[in-house]
Each structure stands twice: as C-alpha cells, then as structure tokens.
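# Observations on the model geometry
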Amino acid sequence: MHDLKNKGFATRQIHAGSHRDATGALCTPIYATSTFAFDSVEQGGARFAGQADGYIYSRLGNPSLTQVEEKIASLECAEDAVATASGMGAISATLWSSVEAGDEIIASDTLYGCTYALMTGGLPKFGVKVTLVDMTNLENISKNLTEKTKVVYFETPCNPTLKILDIVAICNMVHDYNPEIRVVVDNTFNSPYVQRPLTLGADVVVHSATKYINGHGDVIAGFVAGKKDFITKVRMFGIKDMTGAVMSPFSAFLLARGLKTLNIRMERHSSNAMKVARFLHDHPAVAKVSYPGLEDFEGYEIAKKQMDLFGGMMSFELKADRDAVAAAINKLQLITIAVSLGDAETLIEHPASMTHSTFSAEDLAAADISEGLVRLSVGLEDPDDIIADLKAVLDTLV
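Residues numbered from 1 in each chain as written. Predicted model: local features only at pLDDT ≥ 70, side-chain atom pairs only at ≥ 80, totals over all residues. Heavy atoms only, no water.

## A word on empty space enclosed by the protein
Across all of its chains, the model carries two cavities of 30 Å³ or more by this definition. Roughly 60 Å³ of volume is contained in the largest cavity. The wall of the largest cavity is formed by Phe316, Leu318, Ala328, Ile329, Leu332, Ile348, Val374, Leu390, Val393 and Leu394. Those elements that place two or more of their residues in the lining of the largest cavity are β9 (313-318), α12 (322-330) and α14 (383-394). Along the lines of polarity and charge, the residues of the lining of the largest cavity split into 10 nonpolar, no polar and no charged. Approximately 50 Å³ is the volume found for the second largest cavity. The wall of the second largest cavity is formed by Ser58, Arg59, Leu60, Gly61, Leu65, Glu69, Val82, Ala83, Arg235, Ile239 and Val246. Those elements giving two or more residues to the lining of the second largest cavity turn out to be α3 (63-75), β1 (80-84) and α8 (228-243). (1 Å grid on protein atoms, 1.4 Å probe; cavity = no way out; pocket = protein on both sides within 12 Å on 5 of 7 lines; lining within 4 Å. Points joined across faces, edges and corners; volume = space filled by probe spheres on them. Helix = DSSP H or I, 4+ residues; strand = E, 2+ residues; numbered from the N terminus. Nonpolar A, V, L, I, M, F, W, Y, C, P; charged D, E, K, R; others polar.)

The following block contains the structure:
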C-alpha cells in the first residue's frame, strides 16, 4: 500500500502491515507453517547470511506476524517491532538482549508481579544487579545511576496502583547521564492510542498485547518496539536463542483483527472509566480512588501531559479489612473476578492475593499495595450497569 507515515491513527491501525497476497485476500491469511521452502541451496544460504529477503523458519519470522509487527511499529512511532508469545516474553527478551553479568538495572518499585519476580528472583541469579526505587522522585534514580547501569525500566501508569511516572523527565535525566542507557517503558495499561513513550524520549516500548491491543480476551501475546538494530537483536537473540517466545500465526491473526478497533475501544474504555471513577470517588465505603482522570489524583498533571486519554484502568482502596474486601468482591454479579485487563468485560481483582502475590509483605508496603486495594479494568458494558453492580456491593460496607 502507499505510504501511511502521515496518515491518522485509525487509518494506520487498519492498513499498516497489510500486504495483499496472490489471491487478493482482504485479511492477511494465517500462515500455519513451521518452515519455508527455498528455490535452491544458494538462495537459502543467501537468506541465512542476510543477503536476501524472504522467510526461513517461523521462529525467525512469519508473514502473519510481520503484518502485526508493522502495525505496532507504526502506531508506536517506532522503526521496528517484534511480536512475542506473551508480555513476559517481550519483557524477558528485551532484558536478556540488554544486559549481561555485572550489569545493573534500575527499575520502578511498583511493577506487574511477574516482572517483579524476574527483576528480583530471575536476573540476579545471572549476575545482574537490580535496584528498585520510587521513580516519582527523580533523585532516587539519579543517585543509583552508575557506569554499569544499562537499563532503566518502568511502567506508567504503574500496576496496580496507577502511579504516574514522568516519561520525559526520567528519559532526559537518564540520557543526560549516559545516552547509551536504554530506557524501557511498559505501555500495556495505555496502548499506543493513549500514550506513545518513544515520542517522549524512551528507547524501547514493551506490551502485553493480551490486554488492550487484542482487546477480546482470547490471545496471549506481546510486542517490543524501538530502533531497528535493537529489535533485530531482540528477534535474533532474545527470542531466537534465549526465550523462544514466538507468537503463533493464529494469535497474530486475532491481534490484527483486534487492532482494527483499538481507537474506538479505548475511547469507550476511557469514558466508562471516568464515570465509574467519579462514582467510586463519592462513595462512603471508598477511602481513595486512583484514576489518572480525577483532578485530585496525585499524578493528574503528568498524566494530562503525556496521555491522550485517561484509560480504562483504576484502583481503589476500600475502608475494610482483607476478609471484608474479599467478601464484597465475591458478591458482584456483572463484574468478573479475573486477572488480566483490557477486555470487553469489566474485570476486578485483589492485587495482594492475586497479581502481586509474589510480593513479600514488606514489598507490598513499599509499593503502596494494601490489603484493601482493588484493581478494576473497566470494560465496554453500559456504564450505568457497571456502577449499579458496584453500588449494590459497596452499599453493604457502609
């Protein structure tokens, strides 16, 4: 297709990566093949040497994956992107491609539970030092930067507290210290429709595409986006050799389908979430609501600066102990108790006992994850129905 670089987001989410095959199929077919035939040994040798275009083996590339990789690269304003079998596949392949024994990583103290486990239990086993800090205070990053620092890693909004980190300020400070340090941002909570960290100074973006990018709760997938040379390293080392975290062609097909409605879905997720957040903010059983769109939210001004919408994720603190919180959640009728997020269905979970159960009591406290904290992924249902379900339960706590 003609150049899409200057086209709008909605146009690119539909058309980027589209390559008509010989049949003229509107949707890229599912290329369910493990390997690809060569016309000759010489042609195969040329491809392996990087001297000719073409596919070799689906762990290295597949036409079904290429289309969604090109879409994500376009939407994240990246030179290139690579698909992975999961969000953790994207994160681990990125980090394995960035550090070696003796190197150091500075990471946010508030992270997705499995990312936290990799940072604190996985990487240190191989000689990589990881320092977790509260990145809302830039001094915490600055005082830990050394000549061995290779990566600064964070999410924003942070999972599950919705803490907002200033992408521009962090990137500027880190790159002023050493432009070779790779700033990696997990953009899962937002999707590229809401926030594009590469345009704000980040070097790499990672996604659990299981969430908003797919949007339908039927795929486990991930993406890494950034400069072409680094993405090639992630593909040919981080994925090919270290993790084997290869996305299936069928998953790529479902992602391409989901991406076509990303902007519409994010607009509705965000508008629904704002209504739900305002309801929770005023309910007497709720001690605190963390949602980027509320003006009294601590990160509101930064969120307004770096996010185009305020998204569909929030957390709230109930005025109740752990048992009462669990009992209240169990009474919900419409809202589904489940981990994950970004689906059409509204999902609720208790971080301390579910997504962040790998945290020790001390680490939970350090990340401001209390026993009363509840995370809510606001879906696409009628917002009045979501609110009615919450109200019926919260009223029992007053």
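## Focus: the pattern of salt bridges
This structure, assessed with the given rule, holds 13 salt bridges. In this structure, Arg375 and Glu349 form a salt bridge, with 3.3 Å as the shortest nitrogen-oxygen distance. Of this pair, Arg375 sits in strand β12 (residues 373-377) while Glu349 sits in strand β11 (residues 347-349), and the two are 26 residues apart along the sequence. The network of salt bridges with common partners includes Asp109, Asp134 and Lys163. (Salt bridge = Lys/Arg side-chain N within 4 Å of Asp/Glu carboxyl O.)

## Re the confidence of the model for the protein chain
For the protein chain, per-residue confidence averages 95 on the pLDDT scale, and residues scoring 70 or more make up 99% of the total. Model confidence for the protein chain, summarised as mean pLDDT per element, is weakest for helix α13 (residues 361-366) at 81 and strongest for strand β5 (residues 182-186) at 99. (pLDDT = per-residue confidence, 0-100.)

## Quick look at the sheet that holds β11
If you trace the five strands from one edge of the open sheet to the other, you get β8-β9-β12-β11-β10, paired in mixed fashion. Either end of the sheet is taken by a strand with one partner, and the two such strands are β8 (286-290) and β10 (336-337). Both β11 and β12 contribute to a ladder of three bridges, which runs antiparallel. When the bridges of β12 are listed, Leu347 appears paired with Ser377. (Pairing = 2+ DSSP bridges.)

## Here we look at the layout of surface pockets
Taken as a whole, the largest pocket spans an internal volume of roughly 1200 Å³. For the largest pocket, the lining is made up of 44 residues, of which Thr66, Glu70, Asp80, Lys228 and Arg235 are closest to its centre. Ranked by residue count, the leading element in the lining of the largest pocket is α3, at seven residues. In terms of residue class, the lining of the largest pocket is made up of 18 nonpolar, 13 polar and 13 charged. The space that makes up the second largest pocket amounts to roughly 590 Å³. Along the walls of the second largest pocket sit 30 residues, with Lys163, Lys288, Phe297, Glu298 and Asp368 positioned nearest its centre. Elements supplying a minimum of two residues to the lining of the second largest pocket: α10 (262-282), β8, α11 (300-306) and β9.

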